[in-house]
Each structure stands twice: as C-alpha cells, then as structure tokens.
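Architecture at a glance
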Amino acid sequence: MTHVNRTAMPRLGATTTPAAALLHHRALPPTGIVHLGLGNFHRAHQAVHTAAALAAEEGPWGILGVASHSAAVADALREQDLRYTVLELSPQRSRVVVPAVHTGALVATREPDAVLEALAAPGTRIVTLTVTEHGYTFSPRTGALDTDHPGVRADLRGDGPPRTTLGLIVRGLQRRVRAGAAPITVLSCDNLMGNGHTTARLVAEFVAALPGAERDELTPYLAGVAFPNSMVDRIVPATTDAYRDAVAAQFGVRDSVPVPAEPFSMWVIEDSFAAGRPAWERGGALFTADVGPYELLKLRLLNGTHSLIAYLGALDGRDTIPEAIAQPAIHRAAMSVLREEYLPTVPVPAGVDVEEYIEQLFTRFANSALRHRTRQVGSDGSVKLAQRVPEPALAHLAAGRMPHHLALTVAGYLCCIAAPPGFDPGPDAAAMTDPARERLAPLASRPTPEFVRAALATGLLGEALAAHDAFAARVTDLLTVLLHHDVPTAIQEATAPITSTQLPASRGSQHPESGVSAHRAAT
Ligand code: CS2
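Residues numbered from 1 in each chain as written. Predicted model: local features only at pLDDT ≥ 70, side-chain atom pairs only at ≥ 80, totals over all residues. Heavy atoms only, no water.

Our next topic: the sheet that holds strand E2 (residues 62–67). Ordered in space as E5-E2-E1-E6-E7, the five strands form an open sheet in which the pairing is parallel. One side of each edge strand has no neighbouring strand; the edge strands of this open sheet are strand E5 (102–107) and strand E7 (185–188). Each adjacent strand pair in this sheet contributes to an overall mean axis angle of 20 degrees, direction not counted. Contacts from helix H2 (residues 46–56) reach strand E1 (31–36), E2, E5 and strand E6 (126–129) within the one sheet, and its direction differs from that of E2 by about 170 degrees. (Pairing = 2+ DSSP bridges. Helix = DSSP H or I, 4+ residues; strand = E, 2+ residues; numbered from the N terminus. Axes fitted to C-alpha atoms, helices over the stretch in contact; angles between N-to-C directions. Contact = heavy atoms within 4.5 Å.)

Okay, structure coming up:
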C-alpha cells in the first residue's frame, strides 16, 4: 500500500482538480435534478453518466445531492467545492475521474426546508433516488407501505420535517402543487424489482393514507408525475483510507470522499419523463421501452449470485468478494445458483449474449483491485433477498424442483445474521447490518427446524415461500450442515444432496478446498 502524507496536501477543490480527470469542461449547469441518497453508488453511477451526457450535450441538469441523515459526505463535498474523485479500478487498468456535476449537498434531517424548497423549485424536473431497498419503507411481508413504521406514521401526520424518503417526495410534491409548479419525474435507481412501478405505488399509497384535503389536493397532480423503471449496475465498494491514499499519490491532492468503482457501468432506463431529461444515452445509458428483462437479469444473475457469495464467503472466513469467489467450492456454488436456478427464470433481453454476460460477471466478481467486502453485500439481506430469492424459488418449486442453492443462500443468510448461541459466524458476518437482526435474534435459540420455520414466518421472504414446507426443510438441512460442518461441505450437500445426518463428523477437521478448519461448529 502507498504511504502518503495526505494532511500536508492541498484539498481537492475547484482550483486543484486535475483538468485531465474532469469528465466535462462546461460551466456547472443550474440544478435540474434533486438526488436523494448521496452515497457512493449515486456518486459513481448516475453522476458519472450525467457528467458524460453533459460533456456531449449541454443542458440544465446540475444535481443537488441530498443525504438522508449522515452529514459526513455532504459536509466533505461542501469543503471540496462539491468535487470528488471516482477511482475506476481493475487488475488491468485504473482511471480517476471527477464528475463535477453537483450544485449543492444537503442533509435531509438537518436542512429539511432547503430540501423541500429544492424539490418544489420550478427548475427541478427530475428527482432521482438511491436510498437502498430498505429506504422505501414497505412491509417485507406484504410489499405495501409500512404504516406501522414510526417514520411513515409521523410523515403521514405531517409531524415535523419529513423523516422518510416517501415523506420527502410527497411533501415536496405538495409544495409544487401549492406553488403551481409543473409535474416532474421520480426516477428510482435502486435494486428493486420494477423500481419505477414500486415507487409509484408506494407514493400513491402514501398519498391515499393522508387526511382527506391533502389527499384530494395531491391526487390529480400525481397523475402527471412520471415514474420510469430503470436498471442500474455498477459494483461500488465503500470508501477506505487506501482509496484516499491512492488519489493523493496520483494527484497530490486530498480527497476525503473518493469513490472506488469497477470500470463496468450499465444503466437501462424506460424513456418516460414528465419534463425532459439529460441526454443520458450520450453518456452511456440505454433507453428501452421495457426495462423488465434487464432488471430481472441483473437482480437475479448478479445480485442473487452476489448474496450467495457474500454469505458463504463470510462464513468461510473471506473478507472480500474476490477472495470468496477464488475458493473453488464457492465458485462452483455461484455458478450452480446462477446457471441452474436463476437463469432458467429470466427472459434474456434481446441483444444480450448471455454467455458473454456470465463470463463478464465472474470477471467482475473476481476484480481483486476492488476490496468489495462480503459484509457490505451481506448487509440488509432481509430486504435484498426478498427481491432476489422468492420468485425464482417458487417457480422451481411449482415445477416440482427443489432449488438447492437458493435454499443454501437463505441458510447462509440465517447463519450469518441469526446464528444460534455458541456458534461464531466470524467477523464478516458479525459486521453485517440488517434491520431484521433484532427480530430474528430471539428466535435463534430454538432448535434448527423450528428456528427456520419461525424465521420464515416473520415474513422475511414473503408469505408464499414461508408456506412451503419442503423449502423450509431444505433450508434447515443446509443450515444444520453449515452449523456443524463447514461451507464446502454445505456446498457439497447442495450440489449432490445426501441427508445431513449421513454426513461425516468434520468438526475441527481441515477441508481440502477451503483451507480453513471448521472451527466454528455449534456447541
Ligand atoms: C450488491 C449490489 O450489495 C449488494 O447487494 O449485490 O450492491 C451490487 O454490487 C450492485 O447492484 C452492482 O450493480
């Protein structure tokens, strides 16, 4: 690792940005987009595509970035004249770019009025979202707006400034109605199935739950708001000092909020906008009438497989996705879940060569220049898995086939997030955050079969899969193997099932493929 004294260097800013790294050289346009969710993904994906589009064609598409709660990124950006670097890294090549498309950085909980003003401003034509699956405040059990969520309840009452994304959007739209401002587009850039439709439905449910007069004022306006679906794809790890050092070593400037990313980036968008849009097609995006097949392909082949790699990797003692996929057994399991269980449930979009897509995907997973951590992909599994696992699992079960590797994904998740007392799933699993941890923890002391049934009954993967006894039994078998043996043995069991009771006792043994001992067996 490069050793550099960053503190002695000038801060990245308007006058210290290396000109060669700028993606466009035009004057910063006025704000046309308000973006909610100022995390790394937005800054390496939408911001980069927008900068590339602006380089090709100017337009009023500056982005005002809004962080939900944390001030860290917004404050750092303000100190850096809203500049930051994106480090595109792979073993073959690296490139550093500065998008320079942000016109401001706000924190919703700290400056709610400024955010609502921006949402209502006449120049704002698009609101984009990257708030993660978890930020849409729907009930995992039913998919409907979670009206038991304390933030949703407060936002429906209009108690103080909005606390949820839906609250912000709806209160922003309400101001637009009152100011006579034109309808806009709300563009979700999160990994949700039918993300535009889902956002439209949740916003409509929120409006329907408002008191009568507010509901009546908003309903006709809502009919003019566009909610295009979109598929977003770029692997974007969390920032660490190693990336800060890399920027400093290359440019001699101090960027406290650089964003690492893979070179690959894909964005497929439905072309239905209420009030114009940037020429994103000139910045690498693809417009199509039907995003559905692209979404399914990506959510299942990439994200679904990613979840399996993350849980098995963490349980196998692997800190990063590239380290995990380098284990032959995990590689085999990832290939099996992708080819045998996800791929048959996906209509491949016209023009996509699926073999090339798969090959490219495994190269992307193996990108060792990125330290994409298993704990990052494994976090929020309760909301992510619901988008990835139930539909394909139910399709196989309905056809009389057991999806062993989907069951293994769920077993891996449960083992990481709600291991029984006495079982140590390792530091990467322990570091995974998940809103369901609290709900699952009290159940974890039950015997495995009861635990799996009780966990699924919390609505974790929807009601239909919870009602499927054979699937629960398979998850139970595989979880038992993970608890009493090790990851390669569980993969073996998923690939060539024998009953778990017939497995050889392997506690403390060294598995030839994993190179780690099964030291974490439950007591
Ligand atoms: C990952 C995604 O964290 C996760 O669940 O599967 O963030 C993934 O890296 C991106 O969707 C890639 O586009």
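Next up on the list: the packing of helix H6 (residues 165–179) against helix H8 (residues 212–222). For the pair H6 and H8, interaxial distance at closest approach is 10 Å and the crossing angle is 85 degrees. In this view, H6 runs roughly perpendicular relative to H8, as classed from their interaxial angle. Along the contact surface, H6 presents Val170, Arg171, Leu173, Gln174, Arg176, Val177 and Arg178, while H8 presents Glu214, Glu217, Leu218, Tyr221 and Leu222. A class-by-class count of the residues in the contact of H6 with H8 yields six nonpolar, one polar and five charged. (Parallel < 35°, antiparallel > 145°, perpendicular 65-115°, else oblique. Nonpolar A, V, L, I, M, F, W, Y, C, P; charged D, E, K, R; others polar.)

So, about the confidence of the model for the protein chain. Of the residues in the protein chain, 94% reach a pLDDT of 70 or more, and the chain-wide mean stands at 93. Taken as a whole, residues 500–523 scores under 50 in pLDDT and shows 60 contacts with residues more than four places along the chain or in a different chain. (pLDDT = per-residue confidence, 0-100.)

Right, let's talk about the packing of H6 against helix H7 (residues 195–208) for a bit. With their axes 10 Å apart at the nearest point, H6 and H7 run at an angle of 70 degrees to one another. Looking at the two axes, H6 sits roughly perpendicular to H7. Here Leu166, Gly167, Ile169 and Val170 of H6 come into contact with H7, specifically with Leu202, Val203, Phe206 and Val207. When its residues are assigned to classes, the contact of H6 with H7 shows seven nonpolar, one polar and no charged.

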